[in-house]
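One letter stands for each residue in the lines below.
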Amino acid sequence: TLPLVLALALGYALGSIPWGLVLTAAAGLGDIRRIGSGNIGATNVLRTGRKGLAAATLALDALKGAAAVWVAWRLWGRDAGLLAGAGAMLGHAFPVWLRFRGGKGVATAFGVLLTAAWWLGLAAAAVWLAVAFVTRISSAGALAAAAAAPAVALAFGDARLALMALALALFVTYRHAANIRRLLDGTEPRIGKGA
Ligand code: G3P
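Let us look at the structure shown here. (Residues numbered from 1 in each chain as written. Predicted model: local features only at pLDDT ≥ 70, side-chain atom pairs only at ≥ 80, totals over all residues. Heavy atoms only, no water.)

### Considering the site of the ligand
- Inspection of the region around the ligand gives 13 residues, with Ser37, Arg47, Lys104, His176 and Asn179 positioned closest.
- Ser37 places a side-chain nitrogen or oxygen 2.5 Å from an oxygen atom of the ligand.
- A distance of 2.7 Å separates an oxygen atom of the ligand from a polar atom in the side chain of Arg47.
- Here the ligand has 310 Å² of accessible area as a free molecule, and 94% of this is covered by the chains.
- For the shell around the ligand, the secondary-structure elements that each account for two or more residues are α3 (42-46), α8 (138-155) and α10 (177-185).
- Sort the elements by how many residues they give to the shell around the ligand and α8 lands first, with three residues.
- Looking at side-chain class alone, the shell around the ligand contains two nonpolar, eight polar and three charged residues. (Near = heavy atom within 4 Å. Polar contact = N/O pair within 3.5 Å; in protein donor to acceptor, adjacent residues only side chain to side chain. Areas by Shrake-Rupley, 256 points an atom, 1.4 Å probe, with all protein chains shown as cover. Helix = DSSP H or I, 4+ residues; strand = E, 2+ residues; numbered from the N terminus. Nonpolar A, V, L, I, M, F, W, Y, C, P; charged D, E, K, R; others polar.)

So this is what it looks like as structure tokens:
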């Protein structure tokens, strides 16, 4: 069990780096948690009008999830890799540095899925892109991708991966509670239309 505990801890440590907060602060934009939805993710960074910073946030938040899975998998095997991915999600959502108030885990989940199984990461990204393109709503894309991922993994016959994807999906959905409320109210902001 020691490798599994280490994998979880490694994942948490990597996941807890709040890239959106770090990059926007470094760019002199102030505290991202006071802008838009208050979230520390790429979608909210985009609301500052800085597309490059948003893209960098997406890439780095995905990369930390990918790195967690990759390193733990190499060191201790696949199960440890998947556990490190879960750790990265927990680190991103509950970073000790931000008094445990972190993000929603969409980009990080993408990095985790992509590294666990590239086809699953690409499938989830394709669903996100399609739904976000049609609705112009980032959270709608995220919720659709989360729902699709376990089904895709199951369709490919990988039960363990499907279970992991299901756990990620439930977690991401729960972190989107406020978004779901706004979606139902019809008040969720659209990409490119500000706050
Ligand atoms: O990645 C999070 C996204 O799905 C929603 O972000 O800022 O609109 O709550 P936000």
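Further notes follow.
### Description of the pattern of salt bridges
- Enumeration over the complete set of coordinates arrives at five salt bridges.
- Across the pair Asp31 and Arg33 runs a salt bridge, and its minimum N-O distance is 2.9 Å.
- You can call Arg33 partly exposed: its relative accessible area is 36%.
- Here Lys64 ties to Asp61 by a salt bridge, and the two come within 3.2 Å at their closest N and O atoms. Here Lys64 pairs with Asp61, and both are found in helix α4 (residues 51-76), just three residues apart, close to one helical turn.
- The class of Lys64 is buried, set by a relative accessible area of 4%.
- Asp61 gets classed as buried once you look at its relative accessible area, which sits at 2%. (Salt bridge = Lys/Arg side-chain N within 4 Å of Asp/Glu carboxyl O. Buried < 20%, exposed > 50% of the residue type's maximum accessible area, 1.4 Å probe, protein only.)

### Considerations on the packing of α4 against helix α6 (residues 106-116)
- Interhelical geometry of α4 versus α6 gives an angle of 40° and a closest axis separation of 7 Å. Considered as vectors, α4 and α6 are oriented oblique to each other. Taken as a pair, α4 and α6 cross one another with a handedness that is right-handed. Mapping the contact onto sequence places Leu58, Asp61, Ala62, Lys64, Gly65, Ala66, Val69, Trp70 and Trp73 in α4 and Ala107, Thr108, Phe110, Gly111, Val112, Thr115 and Ala116 in α6.
- Of the residues belonging to the contact of α4 with α6, the class tally is 10 nonpolar, four polar and two charged. (Axes fitted to C-alpha atoms, helices over the stretch in contact; angles between N-to-C directions. Parallel < 35°, antiparallel > 145°, perpendicular 65-115°, else oblique. Left-handed = near helix turned anticlockwise from the far one by under 90°. Contact = heavy atoms within 4.5 Å.)

### Quick look at unusual backbone geometry
- Residues other than glycine seldom take positive phi values, yet Phe100 does so here, at roughly 65°.
- For Arg136, which is not glycine, the phi dihedral falls at a positive 60°.
- Checked against the element boundaries, Arg136 lands in the loop between α7 (118-135) and α8.
- Among the residues examined, Arg136 registers a relative accessible area of 37% and is labelled partly exposed.

### Quick notes on the nonpolar core
- Core analysis: the biggest nonpolar cluster contains 23 residues, and Met89, Leu113, Leu120, Leu161 and Leu168 have the highest contact counts within it.
- When contributions to this core are tallied by element, the ones reaching two or more residues are α5 (78-93), α6, α7, α8 and α9 (159-175).
- Counting residues per element, this core draws most heavily on α9, at eight residues.
- Not counting residues up to four positions away in its chain, the partners in contact with Met89 are Gly105, Thr108, Ala109, Leu168, Phe171 and Val172.
- Leu21, Leu23, Ile32 and Ala54 belong to the second largest nonpolar core, which has eight residues in total. (Core = buried A, V, L, I, M, F, W, Y, C linked by side-chain atoms within 4.5 Å.)

Honestly, it's all geometry; don't read function into it.
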